[in-house]
Number of protein chains: 2
Amino acid sequence: MIDKLSLNHHISQQFNAELEEVRSHLLAMGGLVEKQVNDAVSALIEADSGLAQQVRDLDDEINQMERNIDEECLRILARRQPAASDLRLIISISKSVIDLERIGDESTKIARRAIQLCEEGEAPRGYVEVRHIGDQVLKMVRDALDAFARFDADLALSVAQYDKTIDREYKTALRELVTYMMEDPRSISRVLNVIWALRSLERIGDHARNISELVIYLVQGTDVRHLGLERMKEEVRRNTERANVSPHADDK
Amino acid sequence: MIDKLSLNHHISQQFNAELEEVRSHLLAMGGLVEKQVNDAVSALIEADSGLAQQVRDLDDEINQMERNIDEECLRILARRQPAASDLRLIISISKSVIDLERIGDESTKIARRAIQLCEEGEAPRGYVEVRHIGDQVLKMVRDALDAFARFDADLALSVAQYDKTIDREYKTALRELVTYMMEDPRSISRVLNVIWALRSLERIGDHARNISELVIYLVQGTDVRHLGLERMKEEVRRNTERANVSPHADDK
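Residues numbered from 1 in each chain as written. Chains lettered and ligands numbered in written order. Predicted model: local features only at pLDDT ≥ 70, side-chain atom pairs only at ≥ 80, totals over all residues. Heavy atoms only, no water.

- Under an unreviewed UniProt entry, the name given to chain A is Phosphate-specific transport system accessory protein PhoU, and the source organism is Pseudomonas quercus.
- Under the Function (unreviewed entry) heading, UniProt states for chain A: "Plays a role in the regulation of phosphate uptake."
- According to the UniProt record, the Subcellular location (unreviewed entry) comment for chain A reads "Cytoplasm". (UniProt positions renumbered as here; feature names shortened; annotations may be inferred.)

Have a look at this one:
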């Protein structure tokens, strides 16, 4: 798949190397962002303000990675004038990097909530939900990045589908926490910290979904954003079938 | 400024026309998004569920605009292989379009809150804040788009600076509403609708800031993201001075 997509038709070995490099930088940034999500959730649940501070401190590094990858993409666009799947690769990378940076931002926000909870005292509710939704969102981020690494449109599709589950669970958690706040108004401020953290997790799920849509675009050349899940599924299946008939059909 | 940036050095008239066209499509999308923000805020304040529904209905159109502009950018990248300021124009457009689409999303979320408030009954507080922050955020969006239309880095800088004010006012409003909820727990669910709307407005401010940073990048060729306001201001001033000495200094 890697070969088909980007590495087999360049006269310039140097160009291949550049494409591979920017892609590996994206995945490295992804790895760091994944760690940020995990640490932010742990910091909140374990009331570990030191870990939360670490998450905040790493934000600059992630921002810097975004700038660097952006510059690499720009250099490749200007010098190599990529076409077809190479162009799709550069476009997907330069858009995914935005989502990764925002996932980093949301992790920092969760870390900030963790610190506030350390200061104000534990919330009486919501930790189970944060752990549960956090685990699922983390898996989405990981799968979206794996899908990018392996050019795997089916895995990407499953990430997009999973986003619906997160949204549903987020809403259920929210309803419960609102009910709790009404019963115990003194807890409002602390419970709200948990609610903000949950909201950040739900956003992270959205960003993972965006990345997975970019993977589908990269691999199959189809823009599946805003299609709705059913049409997206159909689209991916149709593209897969077409690719099986003619192995280069998606590479126009 | 327009001449300097993109329209004076192409042999192909057709290329000029394509660049102008995609830019005008971005600005048209911006105009529609601006209207969405305005209508969403009015729908919430005036408890007008019909208007809120209109905002939701227009979301598809905005999404479609995003897809179209993306396709145009891709076509130009593939066929024209733009360089220097043309490349910056295409990059800025293809990134701004993401922020505009998200502003549209946030407007839809505000509209959804408006509909819920129509169903559950008015919130006892928060409308003044929504109107006030809404007006300011709307101005940010408008100014960011004007800055894009006129290649005006100084106006863009003022939008970025303004974002700090919004963040501060948002936090003040939030604190007041939390205090209110503690005093009147039965209002929690309704007040939360207002809080979500305020949060969406704050996000819209962030997106307007992103767009204005892209304008600075477009006009001056410098990536000012994540720099902090002081360094951003310095950077813009230094670039302006340099441009005044040598009018094509930024057009490498």
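1. Observations concerning the interface of chain B and chain A
Interfaces are often described in size by the accessible area the parts lose on coming together.
Okay, so step 1: Contact with chain B, which involves 40 residues of that partner, is made by 40 residues of chain A.
Okay, so step 2: Summed over both sides, the interface between chain B and chain A buries roughly 3600 Å², with carbon and sulfur atoms accounting for 56% of that surface.
Okay, so step 3: By the criterion of area lost to chain A, the three top residues of chain B are Arg67, Trp196 and His226 of chain B, representing 17% of everything that side buries.
Okay, so step 4: Across the contact surface, chain B and chain A share 11 salt bridges.
Okay, so step 5: Notably, a salt bridge pairs Glu66 of chain A with Arg225 of chain B, separated by 3.1 Å at the nearest N-O pair. (Contact = heavy atoms within 4.5 Å. Buried area = accessible area lost by both parts, 1.4 Å probe. Salt bridge = Lys/Arg side-chain N within 4 Å of Asp/Glu carboxyl O.)

2. Quick word on the UniProt feature "domain: PhoU" (unreviewed entry) in chain A
Residue and element names in this part refer to chain A.
Okay, so step 1: In this structure's numbering, the residues bearing the UniProt feature "domain: PhoU" (unreviewed entry) are residues 27–113 and 130–215.
Okay, so step 2: Along residues 27–113 the backbone is 93% helical and 0% strand, and the end-to-end C-alpha distance reaches 27 Å.
Okay, so step 3: Counted over residues 130–215, helix gives 93% and strand 0%. Its end C-alpha atoms are 28 Å apart. (Helix = DSSP H or I, 4+ residues; strand = E, 2+ residues; numbered from the N terminus.)

3. Observations concerning the environment of Asn63 of chain B
Okay, so step 1: Summarising the element assignment, Asn63 of chain B is placed in helix H3 (residues 49–80).
Okay, so step 2: For the pair formed by Asn63 of chain B and Gly104 of chain B, sequence separation is 41 residues and the distance between their alpha carbons is 8.5 Å.

4. A short note on the pattern of salt bridges
Pairs can form between side chains of opposite charge whenever their charged atoms are close.
Okay, so step 1: Summed over the entire model, instances satisfying the criterion amount to 40 salt bridges over all chains.
Okay, so step 2: The salt bridge involving Lys139 of chain A is made with Asp143 of chain A; its shortest N-O contact spans 2.7 Å. Here Asp143 of chain A and Lys139 of chain A lie together in helix H5 (residues 127–150), a separation of four residues that amounts to about one turn.
Okay, so step 3: Of the charged contacts, one joins Glu234 of chain A and Arg238 of chain A as a salt bridge, the two residues approaching to 3.7 Å between their closest N and O atoms. With Glu234 of chain A and Arg238 of chain A both in helix H8 (residues 229–245) and four residues apart, this pair spans about one turn of that helix.
Okay, so step 4: In this structure, a network of salt bridges that share partners links the residues Glu66, Arg67 and Asp70 of chain A together with Lys95, Asp223 and Arg225 of chain B.

5. Concerning helix H3 (residues 49–80) of chain A
All names here are of chain A.
Okay, so step 1: With 32 residues, H3 should cover 46 Å at 1.5 Å per step; its first-to-last C-alpha distance of 46 Å lies within 8% of that length.
Okay, so step 2: Sitting at the amino-terminal end of H3 is Asp48, which places a side-chain oxygen 3.2 Å from the backbone nitrogen of Gly50.
Okay, so step 3: One or two steps after H3, the chain reaches Gln81, where phi turns positive at roughly 45°. (Expected span 1.5 Å × (residues − 1). Polar contact = N/O pair within 3.5 Å; in protein donor to acceptor, adjacent residues only side chain to side chain.)

6. A closer look at the relation of the copies chain B and chain A
Okay, so step 1: Of the two same-sequence chains, chain B is brought onto chain A (RMSD 0.0 Å, axial shift 0.0 Å) by a rotation of 180°. Expressed as an axis order, the relation between the two copies is that of a two-fold axis. (Least-squares fit on C-alpha atoms with pLDDT ≥ 70 in both.)

7. A closer look at the packing of aromatic side chains
Okay, so step 1: Counted by the stated rule, this structure contains one aromatic pair over all chains.
Okay, so step 2: On the numbers, 5.3 Å between centres and 90° between planes, the contact of Trp196 of chain A with Trp196 of chain B is edge-to-face. With Trp196 of chain A in helix H7 (residues 188–220) and Trp196 of chain B in helix H7 (residues 188–220), this pair bridges two chains. Neither residue differs from the other here; Trp196 of chain A and Trp196 of chain B are each classed as buried. (Phe/Tyr/Trp six-rings, centres within 6.5 Å; stacked < 30°, edge-to-face > 60°. Buried < 20%, exposed > 50% of the residue type's maximum accessible area, 1.4 Å probe, protein only.)

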